[in-house]
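Remarks on the overall topology
Listed below, chain by chain, are the residues.
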Amino acid sequence: MPLPLPPLSAVRAFEAAARHGSFTKAAEELGMTQAAVSYQIKMLEERVGAPLFLRRPRQVALTEVGQRLAPVFTEAFTLIGEAYAQARSGAEGVLCVSTILTFASSWLARNLGAFQIQHPALAVRLDTSTRLIDFAREDVDIAIRSGSGNWPGLAKHFLFKADFTPVLSPKLAESIGGVKEPADLLRLPVLDPGDPWWREWFAVAGLPVDALAERPRSSLGAQAYEANAAMAGHGVAIVTRALFSAELADGRLLQPFDLVANDGNSYWLVYPEARRNVPKIRAFRDWLLAAVAGSLGPRDA
């Protein structure tokens with residue numbers, strides 16, 4: 001006869017709370033309320049027949065019984081996670097990468113061939129989206145996100161700062177005799193006047209932050225589209241410069257000023273912590289970190 005097992009939901013709640021030393025942090029990780037975590041742990045304590053935590057003001061501590069159970073439960077979840085990850089990694093030999101359109105088109109598509117040469121048996125599928133991925137519910141292995149890096153439960157690796165600055169075509173700059181000072185930009189069409197990045201950059205440049213307030217709120221929806229429109233001479237775009245280094249280097253885009261701004265966001269490579277050692281994730285992570293550092297250089301990477 002198999003040994004009796006407690007409810008998995010109760011075990012998950014206990015393991016997370018023991019690992020974090022907090023019911024609140026466990027609730028955040030599991031997407032539950034603190035009351036729900038407390039209920040699950042209480043149910044497990046009733047099954048065990050002994051308290052697992054000492055409840056103290058603003059903190060909890062494991063009892064002797066809890067200290068015996070916690071590492072065993074953590075190890076069990078790790079083994080399950082690794083077995084599941086290895087099973088997924090072998091299925092069809094596909095690596096699904098979720099990323100935003102601009103990073104996919106401006107950097108990843110240009111460099112992905114090098115990864116495919118190193119790993120010819122692994123097919124890469126790109127999923128371009130601005131939404132946050134739920135790794136527990138979606139068939140996505142790894143993601144490239146822009147943000148502060150505060151994503152509980154995910155392993156994260158810094159790629160580069162999301163610095164932004166105005167860019168335009170040399171021809172458009174010449175149409176007004178050159179862009180010599182930031183105020184000159186106000187004499188030109190701006191592709192997305194409502195982008196909050198303009199206010200940030202104007203503050204750095206010493207211009208009124210509401211200088212574009214009266215302009216129509218047109219928007220192209222992605223930096224990649226704005227950069228293409230800028231190269232065609234239709235206006236000034238504000239973009240993350242690291243993603244358009246090739247266009248700046250060959251003169252299709254002009255960065256008139258060294259001034260850059262940053263709203264605190266950066267680009268990150270992320271994936272579930274439990275999948276850190278999955279072979280296909282490890283291979284892509286190691287390649288991407290080296291490739292970004294090699295192509296963007298120490299200033300940006």
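Just so you know, these numbers come straight off a predicted model, no measurement behind them.

A few words now on the packing of helix H1 (residues 8-20) against helix H3 (residues 34-48). One can describe the packing of H1 onto H3 by two numbers: an axis separation of 8 Å at closest approach and a directional angle of 110°. One finds that H1 runs roughly perpendicular with respect to H3. Residues Ser9, Ala10, Val11, Ala13, Phe14 and Ala17 of H1 pack against Val37, Gln40, Ile41, Met43 and Leu44 of H3.

Of the residues in the protein chain, 95% reach a pLDDT of 70 or more, and the chain-wide mean stands at 88. By mean pLDDT, helix H4 (residues 64-90) is the weakest element of the protein chain at 81, and strand S7 (residues 164-167) is the strongest at 96.

Here we come to H3. For H3, spanning 15 residues, the distance from its first C-alpha to its last is 21 Å, which sits close to the expected 21 Å at 1.5 Å a residue. When H3 is considered as a whole, its buried residues turn out to be Val37, Gln40, Ile41, Leu44 and Glu45. One side of H3 holds all its buried residues, which, seen down the axis, span an arc of 140°. Away from its buried face by more than 90 degrees, H3 exposes Ala35, Tyr39 and Glu46. In the stretch just after H3, Gly49 is the one whose phi turns positive, near 90°.

This part covers the environment of Phe257. In this fold, Phe257 is placed in the loop between helix H9 (245-249) and strand S9 (266-272). For Phe257 and Thr165, which are 92 residues apart along the polypeptide, the C-alpha to C-alpha distance reads 8.0 Å. Filtering out sequence-adjacent residues up to four positions away, Phe257 remains in contact with Thr165, Val179, Lys180, Glu181, Pro182, Leu185 and Trp201.

Along the chain, Ser106 falls in helix H5 (residues 101-118). If near-sequence neighbours (up to four positions away) are discounted, Ser106 is found in contact with Leu243 and Phe244.

So, on to the pattern of salt bridges. Following the criterion strictly, the structure yields 14 salt bridges and no others. Between Asp184 and Arg187 there is a salt bridge, and its shortest N-O distance comes to 3.5 Å. Between Glu273 and Arg276 there is a salt bridge whose closest N-O contact spans 2.9 Å. The class for Glu273 is partly exposed, based on a relative accessible area of 39%. Among the residues examined, Arg276 registers a relative accessible area of 29% and is labelled partly exposed. Residues joined by salt bridges that share partners form a network here, namely Glu15, Arg19 and Glu29.

Moving on to the sheet that holds strand S4 (residues 123-128). The strands making up a sheet are joined through hydrogen bonds of the backbone, oriented either antiparallel or parallel. Overall, mixed pairing links the 5 strands, which are arranged S4-S3-S5-S9-S6 in an open sheet. The two strands at the open ends of the sheet, each matched to only one other strand, are S4 and strand S6 (154-161). Pairs of neighbouring strands in the sheet enclose a mean axial angle of 20°, with direction left out of account. Pairing between strand S3 (residues 94-99) and strand S5 (residues 142-147): 3 bridges, direction parallel. Considered in S5, the bridge of Thr99 is made with Ile144. Those strands touched by H5 are S3, S4, S5, S6 and S9, and its axis lies near 175° from that of S4.

With that out of the way, let us pick up the environment of Ala203. Checked against the element boundaries, Ala203 lands in helix H7 (residues 196-205). Judged by relative accessible area, Ala203 falls into the exposed class, the value being 52%. Through-space distance from the C-alpha of Ala203 to that of Ala261 is 8.8 Å; in sequence the pair is 58 residues apart.

What follows is about the layout of surface pockets. Taken as a whole, the largest pocket encloses approximately 1,500 Å³ of empty space. Lining the largest pocket are 39 residues; nearest its centre among them are Arg12, Glu29, Ala136, Pro272 and Ala274. Secondary-structure elements contributing two or more residues to the lining of the largest pocket are H1, helix H2 (23-30), H4 and S6. Among the elements that line the lining of the largest pocket, the one with the most residues is H4, at 9 residues. For the lining of the largest pocket, the per-class residue count stands at 17 nonpolar, 7 polar and 15 charged. Considering the residues around the second largest pocket, the lining is formed by 27 residues, among which Ile100, Thr130, Ser146, Gln223 and Tyr267 are closest to the centre. Counting residues per element, the ones that place at least two in the lining of the second largest pocket are S3, H5, S5, helix H8 (223-231) and strand S8 (237-240). When residues in the lining of the second largest pocket are grouped by element, the largest group, 4 residues, is from S5. The residue makeup of the lining of the second largest pocket, split by class, is 11 nonpolar, 11 polar and 5 charged.

Quick notes on the rules
Residue numbering note: each chain is counted from 1, following its sequence as written. Totals for whole chains, interfaces and linings use every residue, but because this is a predicted model, local features are given only for residues with pLDDT of at least 70 and side-chain atom pairs only at 80 or more, for both listing and counting. Side-chain numbers here rest on the full set of heavy atoms in the structure, without hydrogens or water. With axes taken as lines fitted to C-alpha atoms, and helix axes fitted only over the stretch in contact, angles between N-to-C directions fall between 0 and 180 degrees. Think of it this way: any DSSP run of H or I at least four residues long counts as a helix, any run of E at least two long counts as a strand, and we number them from the N terminus. Oblique is the label for any angle not under 35 degrees, not over 145, and not in the 65 to 115 range, which are roughly parallel, roughly antiparallel and roughly perpendicular in turn. By definition, residues are in contact when any of their heavy atoms lie within 4.5 Å. For every residue, the pLDDT score states the predictor's confidence, bounded by 0 at the bottom and 100 at the top. In this scheme, a helix's expected span is set at 1.5 Å multiplied by one less than its residue total. Between buried and exposed lies partly exposed: a residue is buried under 20% and exposed over 50% of the maximum accessible area for its type, with that area taken using a 1.4 Å probe on protein chains only. Within this analysis, the arc is defined by the directions that extend from the helix axis to the C-beta atoms. Any Lys or Arg side-chain nitrogen found within 4 Å of a carboxyl oxygen on Asp or Glu counts as a salt bridge. Strand pairing is assigned whenever DSSP detects at least two bridges linking the two strands. Site definitions follow a grid-based scheme: protein atoms alone, a 1 Å grid, a 1.4 Å probe that fits but cannot get out for cavities, and for pockets an open set with protein on both sides within 12 Å along at least five of seven lines, plus lining residues having an atom within 4 Å of a point. Grid points are joined across faces, edges and corners, and a volume is the space filled by probe spheres set on the points. Here the nonpolar group is Ala, Val, Leu, Ile, Met, Phe, Trp, Tyr, Cys and Pro; Asp, Glu, Lys and Arg are the charged ones; every other residue, Gly included, is treated as polar.

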